[in-house]
Amino acid sequence: MIGKNTILIADDAELNRELIKYIFEEQYQILEAEDGEQTIDLMAKYNDKICLLFLDLLMPKKSGLDVLKFMNEKKYIESIPVIMITGEATDETDEKAYEYGASEIIYKPFAPNVVMRRAKNLIELFEHRVYLEYNLEKHTKQLQESKKKLEKNNEFLLNLISSVVEFRSQESEIHIQKIKYFTKLFLKYIRKYYPQYGLTEEQSALIVQAAAIHDIGKIAIPDKILLKTEELTKAEREEIEKHTIYGCQILERIKQEDSEFYQYCYDICRFHHERYDGTGYPDHLKGDAIPIWAQVVSIVNAYDALVSKRIYKFPCTVEQAERKIMAGECGAFSPVMLDCFRLAKSELIAVTEREGKLFMADTESNG
C-alpha cells in the first residue's frame, strides 16, 4: 500500500468513469475498466500499484460482486480498499458487498466532494494499517532473530559449563553431546508413543539443553574423590552422590522465577540418579514422582556411563550395556523408559559404535 498511487475505476458507464477521473486525475494515476473481466485483468496486473478501487455493482461479463470474490481469492482485498458505486442497490446486495470486503458503498448520483473525502480517508486508513503491519512484522522478525541469538548464546554457555565439569573429571569430551543427542532421541519416542505426558517439541528442545548441565554439581566434589581410580569408600560415595544437591545449590543462586527452563535444569540436576523403584538418590523418589525429563536423562546417562571409557574402567559393549539396563543392574527404570530404549536401540548402537572406533584408534596410536 505504501507508495501506491493508482486508482482503478470500474464502471460500464463512461460518464461515471469520467466524473470520478476528473476528481482524482491531478493527484493519482488512473486506470479504467468498462466491465468485470477487464477489471479483474487490470487488478491482476497492477494490484501492487492500486491504492483504491471504485467498483460498480452491475457491469457486463462479471459483476462487482464477482470482482470482490476474485479479490478475496487473491487476498487483494486485504491491501486495496474498495468503494462500491451503485444506483440499484438492495439490502441484500449491500450486505453481500460488505461481506466480501467492500469498505464503502456510495449511491448514484454522488457529490464529488463527498467521494473525494471518503476516498482519501480510506487510502490513508489502509496506508496506516499496512504501515503498522509492516513495522509489526519487522519488529517480530527482529525479536525472533534476537531470541535465536540468545538461545544460541545460552547453548554455548551451557556447553561451556558442562565442558568444565567434564574436563575436571576427565570424562569424554563428547559426553555432553551424546547425552543431549540421546535425550532428544528418547523425547522423540515419548512424544510419539506416550502423548499422555503432553511434551511439545518446544519443551523437548528446552529439556535437551537442560540435560547438558546434569552433572554441574561435580564442580563442588574434591579432586581426591572425583579423580580417584581405586574403589571409593562409603563416605566418598556419599560425597559423590551429593553432586545432585550441589548442582541445585548452584542453580538456586541464579534462580529465575516462573522459568520453565530453570525447572527442567533443577529437576534434571537433582533427580537424574533417582530410580523407578525408589532406590536412587538423593530423595529416593519412586515411580512417576520422578519428572519424566529426569527419567530420560537418568537412563541415557546410565547407558553412556556403561559404554564410555572412564579413568577407572573400560567401556562395555552395547550388548553388555543393554543386558545390564534391562536386568536392572544400574537400578530400576520405568517400563516407558525401557520401551524407549528398545525403540532407540539401533540409533544408540550407531553412535556408540562410532565412538568405539575412535576409542580403539586412540588406544592403538598410544601403543
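Just above sits the structure.
A brief structural summary. Bear in mind that the values here come from a model prediction, so they are computed numbers and not experimental data.

Criteria and cut-off values
Residues numbered from 1 in each chain as written. Predicted model: local features only at pLDDT ≥ 70, side-chain atom pairs only at ≥ 80, totals over all residues. Heavy atoms only, no water. Salt bridge = Lys/Arg side-chain N within 4 Å of Asp/Glu carboxyl O. Helix = DSSP H or I, 4+ residues; strand = E, 2+ residues; numbered from the N terminus. Buried < 20%, exposed > 50% of the residue type's maximum accessible area, 1.4 Å probe, protein only. Axes fitted to C-alpha atoms, helices over the stretch in contact; angles between N-to-C directions. Parallel < 35°, antiparallel > 145°, perpendicular 65-115°, else oblique. Left-handed = near helix turned anticlockwise from the far one by under 90°. Contact = heavy atoms within 4.5 Å. Nonpolar A, V, L, I, M, F, W, Y, C, P; charged D, E, K, R; others polar. Pairing = 2+ DSSP bridges.

So, the pattern of salt bridges
With the rule as written, the count across this model stands at 14 salt bridges. A salt bridge links R270 to D283, with the nearest nitrogen and oxygen atoms 2.7 Å apart. Taken together, the residues R270 in helix α11 (residues 260-271) and D283 in the loop between α11 and α12 (292-307) connect sequence positions 13 residues apart. The class for R270 is buried, based on a relative accessible area of 17%. D283 sits in the partly exposed class, given a relative accessible area of 31%. If you follow the salt bridges from partner to partner, you end up with R17, K21 and E32 in one network.

A look at the packing of helix α6 (residues 175-193) against α12
Between α6 and α12, the shortest axis-to-axis distance is 9 Å and the interhelical angle comes to 130°. The orientation of α6 relative to α12 falls into the category oblique. For α6 against α12, the interelement crossing comes out right-handed. Contacts from H175, K178, I179, F182, T183, F186, L187 and I190 of α6 reach α12 at I292, V296, V297, I299, V300, N301, Y303 and D304. Of the residues that constitute the contact of α6 with α12, the class distribution is eleven nonpolar, three polar and two charged.

Digging into the sheet that holds strand β1 (residues 6-10)
Read from one edge of the open sheet, five strands run β2-β1-β3-β4-β5, paired in parallel fashion. In this open sheet, the two strands that pair with only one neighbour each are β2 (29-33) and β5 (104-107). Taking the axes of each pair of neighbouring strands and ignoring which way they run, one obtains an average angle of 20° across the sheet. The sheet strands contacting helix α1 (residues 14-24) are β1, β2, β3 (50-56) and β4 (82-86), and the helix crosses β2 at an angle near 170°.

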